[in-house]
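# Structure assessment
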Amino acid sequence: MMMEKRDDHLFETKSAKGRSLFHLYGVSMFVSTCMIFVYRVSYFEERYWVYWMGLFLSEIWFTWYFFLIFVIRWNPIYRYTFKHKLSLRYGEDLPGIDIFVCTADPVIEPPIMVMNTVLSMMAYNYPTQKLSVYLSDDGGSDLTFYAMLEASKFAKIWLPFCRKFKVEPRSPQAYFHTPPLDRHHHHHQWQSIKKSYEEMKHRIETATELGQISEEIRREHKGFHEWDSVSSRRDHQTILQILIDGRDCEAVDIEGQPLPTLVYLAREKRPQFRHNFKAGAMNALIRVSSRISNGYIILNVDCDMYSNNSDAVRDALCFFMDEEQSHNVAYVQYPQSFCNPTKNDIYGNNLSVVQEVELAGLDSNGGALYIGTGCFHRRDTLCGKKYSQECNKPDWKSCANDTKIEESREVLEDTCKILASCTYEENTLWGKEMGLMYGCLVEDIITGYRIQCRGWRSIHFNPERKAFVGLAPTTLLQSLVQHKRWSEGHLQIFLSEYCPYLYGRKKIPLKLQLGYSLYSFWTVNCFATLYYISVPSLCLLRGIALFPKISSIWVVPFAYAFFANRAYSLGEFLWVGGTIKGWWHDQRMWVFKRTTSYLFGFTDNILRLLGFSKSAFVITAKVAEEDVSRRFEQEVMEFGVSSPMFTVLATLALLNLFSFIGGLKRVVLDMQNEVLDLFAAQIILCGLVVLINLPVYQGLFFRNDLGKMPSSVTYRSIVFALLACTIAAY
């Protein structure tokens, strides 16, 4: 009986195997750090107490941070779904799915890229009459609207082609970029569809380059008249057009099969009203969709995150519709994956270990993070519903057979425009208790956290075939700025009334509180890291030893803590599919982020709390110039522009280079090797920082391309580094 009951589940959960090695590693690291603390206390140097205490406090911080990582990664869990059982149990009695795609700028996020995402969502392996795709265009661009109109026409031939030949992925751009090996049996149709796509792409890109729509095209659809009264992208009325009405019996593809509902929305924007960035766009979509399709499940994706797995919807439903295990599941989060990182991932964009191990560990500790894209939600949990035993089992039959709205398309459009107006949210709970939270740079994280505090559970699901694939930053500055926003937003939560240790107390498990605080402390990491890679180097110039002699037994815990940590990190990175060179790039990027992104994120947070600055949402560019793309593919680090972050990086790199040369000079001039014995640890540390910064030195002195370090940054960093070394030496 028990076996029969277990086999009836739609998904299963398994703990990670082979964690005993990690547990042994964690215990040994604890012992070594305890020995380091004993050394710091026993051999305290009163003459250099400032430097000594700084290192001691940094080591205490690193130990605390390692403890958080250790708790989170103690027992990762992995989920496996049984989609065939879902079909056998429910057949076509499946709930409606509303898919939200958000875009904000037709220049940074080209319309053709957005349309590839939209088309991939329309082509899910799911009853099309139960799919509704909504595009939120916060750029209010008629170019994006035109692209969507073109996509609605192309969908009539694309969807049947995908069904017939089981196409993967279902983004036309991605599919035709890497055509399947077995296309010979449908070569003629493949060529025909590709030609139609290229023609559509040409029309969209031509209009985008011109920056306007021809009058001939404008006359083809009434929706273009909406732009006659648009003042600017930040000052316009609500523009809402139902391009495909799923209720219309004539809305069919070339095979007579129904098409998904397709809706374009540019919510109202007025200069005197706060629009709350992506959170405001999502909340407008929640309200508008509730009137048009009211799907029980909501999927939201960024405009560059196309569907890479046509069964992702069915996978997610296995977690929502299991009769015994799903009563309190609020959302299912898929990890972010990218299609453009280089082989060795020069900017560490994949965050492979975080995605594969850390987020799975958070899942076992009480819940997955909501990361803002690739996430399936129950609609009612997004709208503020609290978990209770009384309403924990939805009637999926009724959800699957919701009565369609009887109003005409025109009446629906007019009615829904009010729901996306600037004044609709006044004196309501939207952005506070309902929808996505306002006032935070990481509105997705705090929204998921609030949902969990209302008693709901979340799922992290990482299938073998990636569900969503997007575009990663292609320059160093883009990556650093992105991490600055993430780290600043996490610290913002920690310093607010929603601090995990206060607001989350008795609402979520302690381990999950620790998990959220791990990311909140990203910014604080900057101080310990900055101290450790600058002060020992400067002290080397001055002849101040901060570590045990190389001949002393006390050097063992320091050496073990460092090399064991790096060795395990390398093994873990290789285990998740990385390369040795990729691991080295990843180590470099963590140093770069800790010394720039997190430093500026912390500073901006303090300035905001003091009232000197306001939070601003920065969109990461999704396209790159040809020469930038070429250097990215060749894994050449891109600098190219002047930035305070680059000044910090270059100054630290030069400071360590000068100190390393000074340390070697001391060793060479010392005939009795006493200097080497005394300063070996500092010289090695300094040398490792120099190795990490090799691309920075190349950008400063040896490159002539447009991606080199700007001259202004070079001059400033040389002056700052020489000044610091001069002060330290004397």
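Residues numbered from 1 in each chain as written. Predicted model: local features only at pLDDT ≥ 70, side-chain atom pairs only at ≥ 80, totals over all residues. Heavy atoms only, no water.

## Regarding empty space enclosed by the protein
To be explicit about the condition: Cavity and pocket criteria rest on a 1 Å grid covering protein atoms alone: a 1.4 Å probe that fits but cannot get out defines a cavity, protein on both sides within 12 Å along at least 5 of 7 lines defines an open pocket, and an atom within 4 Å of a point defines a lining residue. Grid points are joined across faces, edges and corners, and a volume is the space filled by probe spheres set on the points. For this classification, Asp, Glu, Lys and Arg are treated as charged, while Ala, Val, Leu, Ile, Met, Phe, Trp, Tyr, Cys and Pro are nonpolar and the rest, including Gly, are polar.
Inspection of every chain in the model, using the stated rule, returns 5 cavities of 30 Å³ or more. The space that makes up the second largest cavity amounts to roughly 40 Å³. Lining the second largest cavity, in full, are Leu 382, Lys 432, Glu 433, Gly 435, Met 437, Thr 447, Arg 450, Ile 451 and Arg 454. When grouped by side-chain class, the residues that make up the lining of the second largest cavity number 3 nonpolar, 2 polar and 4 charged.

## Examining the pattern of salt bridges
Heads up, the condition is: The rule for a salt bridge is simple: a side-chain nitrogen of Lys or Arg has to be within 4 Å of a carboxyl oxygen of Asp or Glu. Helix and strand definitions follow DSSP, with helices as H or I runs of at least four residues and strands as E runs of at least two, each counted in order from the N terminus.
All chains considered together, the criterion is met by 32 salt bridges. Across the pair Glu 433 and Arg 450 runs a salt bridge whose closest N-O atoms are separated by 3.0 Å. Of the two residues, Glu 433 is situated in the loop between helix 15 (409–419) and helix 16 (443–453) and Arg 450 in helix 16; the sequence distance between them amounts to 17 residues. Several salt bridges converge on common partners, so that one network encompasses Arg 73, Glu 358 and Glu 572.

## Some words on the pairing of strand 9 (residues 329–333)
Keep this limit in mind: Each residue gets one of three labels from its accessible area relative to the maximum for its type: buried under 20%, exposed over 50%, partly exposed in between, using a 1.4 Å probe on protein chains only. If DSSP finds at least two bridges between two strands, the strands pair.
In terms of burial, strand 9 is largely enclosed, as 5 of its 5 residues are buried. Two elements, strand 9 and strand 11 (residues 457–460), share 4 bridges in a ladder whose sense is parallel. Within strand 11, the position partnered with Val 332 by the bridge is Ile 459. Relative to strand 10 (residues 375–378), strand 9 is paired through 3 bridges, and the arrangement is antiparallel. For Gln 333, the partnering residue across the bridge sits in strand 10 and is Cys 375.

## Here's the deal with the UniProt feature "binding site: UDP-alpha-D-glucose" (unreviewed entry) in the protein chain
In plain terms, the rule: UniProt positions are given in the numbering used here, feature names are shortened, and annotations may be inferred rather than shown by experiment. Residue contacts are defined here by distance: any two heavy atoms, one from each residue, within 4.5 Å place the two residues in contact.
The feature "binding site: UDP-alpha-D-glucose" (unreviewed entry), as annotated in UniProt, sits at Glu 109 and Asp 138 in this numbering. A compact arrangement is adopted by the annotated residues: their sequence extent is 30 residues, whereas the largest C-alpha distance between any two is 11.3 Å. On the secondary structure map, Glu 109 appears in the loop between strand 3 (97–103) and helix 5 (111–122). Given a relative accessible area of 6%, Glu 109 falls into the buried group. As for its placement among the helices and strands, Asp 138 is situated in the loop between strand 4 (131–137) and helix 6 (142–165). Once residues lying within four places of it in the same chain are set aside, the contact partners of Asp 138 are Thr 103, Ala 104, Arg 233, Arg 267, Lys 269, Phe 277 and Ala 281.

## Structural notes on the packing of helix 2 (residues 20–42) against helix 3 (residues 49–72)
To be explicit about the condition: Interaxial angle, 0 to 180 degrees, is taken between N-to-C directions of lines fitted to C-alpha atoms, where a helix line uses only the stretch in contact. If an angle is under 35 degrees, it is roughly parallel; if it is over 145, roughly antiparallel; if it lies from 65 to 115, roughly perpendicular; otherwise it is oblique. Left-handed describes a crossing whose near helix is turned anticlockwise from the far helix by less than a right angle; the clockwise case is right-handed.
Interhelical geometry of helix 2 versus helix 3 gives an angle of 165° and a closest axis separation of 11 Å. One way to sum up the angle between helix 2 and helix 3 is to call them roughly antiparallel. Between helix 2 and helix 3 lies a crossing of left-handed hand. Each of Phe 22, His 23, Tyr 25, Gly 26, Met 29, Thr 33, Ile 36, Phe 37, Tyr 39, Arg 40 and Val 41 in helix 2 lies in contact with helix 3, whose residues at this interface are Trp 52, Leu 55, Phe 56, Glu 59, Ile 60, Thr 63, Phe 66 and Phe 70. In terms of residue class, the contact of helix 2 with helix 3 is made up of 13 nonpolar, 4 polar and 2 charged.

## Digging into helix 2
Put simply, the test is: Here the expected span of a helix is defined as 1.5 Å times the quantity of residues minus one.
Between its terminal C-alpha atoms helix 2 stretches 33 Å, which fits the 33 Å expected from 23 residues at 1.5 Å a residue. Within helix 2, burial applies to Phe 22, Tyr 25, Gly 26, Ser 28, Met 29, Ser 32, Thr 33, Ile 36, Tyr 39 and Arg 40. Looking at the buried positions of helix 2, the neighbouring elements they touch are helix 3, helix 19 (525–542) and helix 20 (555–575).

## Re the nonpolar core
To keep it simple, the criterion reads: Only buried residues count toward a nonpolar core, which is a set of Ala, Val, Leu, Ile, Met, Phe, Trp, Tyr and Cys residues joined through side-chain atoms within 4.5 Å.
Core analysis: the biggest nonpolar cluster contains 80 residues, and Tyr 124, Trp 158, Leu 317, Phe 376 and Phe 468 have the highest contact counts within it. Per-element tally for this core: the top contributor is helix 6, with 14 residues. Residues contacting Tyr 124, with those up to four places away along its chain left out, are Ile 99, Leu 131, Arg 170, Leu 299, Ser 307, Asn 309, Ser 310, Ala 312, Val 313 and Phe 468. Counting 34 residues, the second-largest nonpolar core is a separate cluster that includes Leu 351, Trp 486, Ile 508 and Tyr 519.

## Notes on the domain arrangement of the protein chain
To keep it simple, the criterion reads: Residue ranges labeled as domains rest on an automatic or database domain assignment. What gets called buried area is simply the loss in accessible area from a 1.4 Å probe that two parts show on being joined, summed for both.
The assigned domain composition of the protein chain is domain 1 (22–74 + 507–729) and domain 2 (83–180 + 192–472). Tallying the contact residues gives 39 residues for domain 1 and 40 residues for domain 2. Buried area between domain 1 and domain 2, both sides added, is near 3600 Å², and the carbon and sulfur share of it is 68%. Close ionic contact of Glu 358 with Arg 73 constitutes a salt bridge, the shortest N to O distance being 2.8 Å.

## Quick notes on a nonpolar patch on the surface
Which entries qualify depends on this criterion: Only residues whose relative accessible area exceeds 30% and that form no salt bridge enter a patch; like-charged residues are grouped when within 9 Å of one another, and nonpolar side chains (Val, Leu, Ile, Met, Phe, Trp, Tyr) when within 5 Å. Using a 1.4 Å probe, the Shrake-Rupley method yields the accessible areas, and only the shown protein chains count as cover for residues.
Taken together, the side chains of Leu 495, Ile 606, Leu 607, Leu 609, Leu 610 and Phe 612 define a hydrophobic patch exposed on the protein surface, amounting to about 580 Å² of accessible area. You can see Leu 495 is positioned in the loop between helix 17 (476–494) and helix 18 (510–520). Residue Leu 495 is classed as partly exposed on the basis of its relative accessible area, which comes to 41%.

## Remarks on unusual backbone geometry
Residue Pro 169 follows Glu 168 across a cis peptide bond; omega there is -10°. The backbone of Lys 166 sits at a positive phi, close to 50°, despite the residue not being glycine. You can call Lys 166 exposed: its relative accessible area is 66%. Positive phi is not limited to glycine here, since Leu 351 has a value of about 45°. Along the chain, the position of Leu 351 falls in the loop between strand 9 and helix 12 (352–364).

## Examining the environment of Gln 212
Note on placement: Gln 212 falls in the loop between helix 8 (187–210) and helix 9 (215–218). Gln 212 sits 71 residues away from Ser 141 along the chain, and the two C-alpha atoms are 9.7 Å apart. Once residues within four sequence positions are removed from consideration, Gln 212 is found in contact with Leu 143 and Ala 207.

## Looking at helix 19
In plain terms, the rule: Fitting one axis to the seven residues ending at a residue and another to the seven starting there, the bend at that residue is the angle between the two axes.
The first and last C-alpha atoms of helix 19 sit 26 Å apart over 18 residues, in line with the 26 Å expected at 1.5 Å per residue. Along its length, helix 19 shows its largest kink, about 25°, at Tyr 531. Counting buried positions over the 18 residues of helix 19 gives 15, a clear majority of the element. Following helix 19 by one or two positions, Gly 543 has its phi on the positive side, about 80°.

## Observations regarding the UniProt feature "active site" (unreviewed entry) in the protein chain
Under the convention used in this document: Any pair of N or O atoms that falls within 3.5 Å is considered a polar contact. Within protein, one atom must be able to donate a hydrogen and the other to accept it, and sequence-neighbouring residues count only if both atoms are side-chain atoms.
UniProt feature "active site" (unreviewed entry): in the numbering of this structure it lies at Asp 138 and Asp 444. Here Asp 444 is to be found in helix 16. Look at Asp 444 and you get buried, because its relative accessible area is 11%. Look past the residues within four positions of Asp 444 in its chain and what remains in contact with it is Tyr 370, Ile 371 and Gly 372. Reaching out from Asp 444, the side chain makes a polar contact with the backbone nitrogen of Gly 372 at a distance of 3.4 Å.

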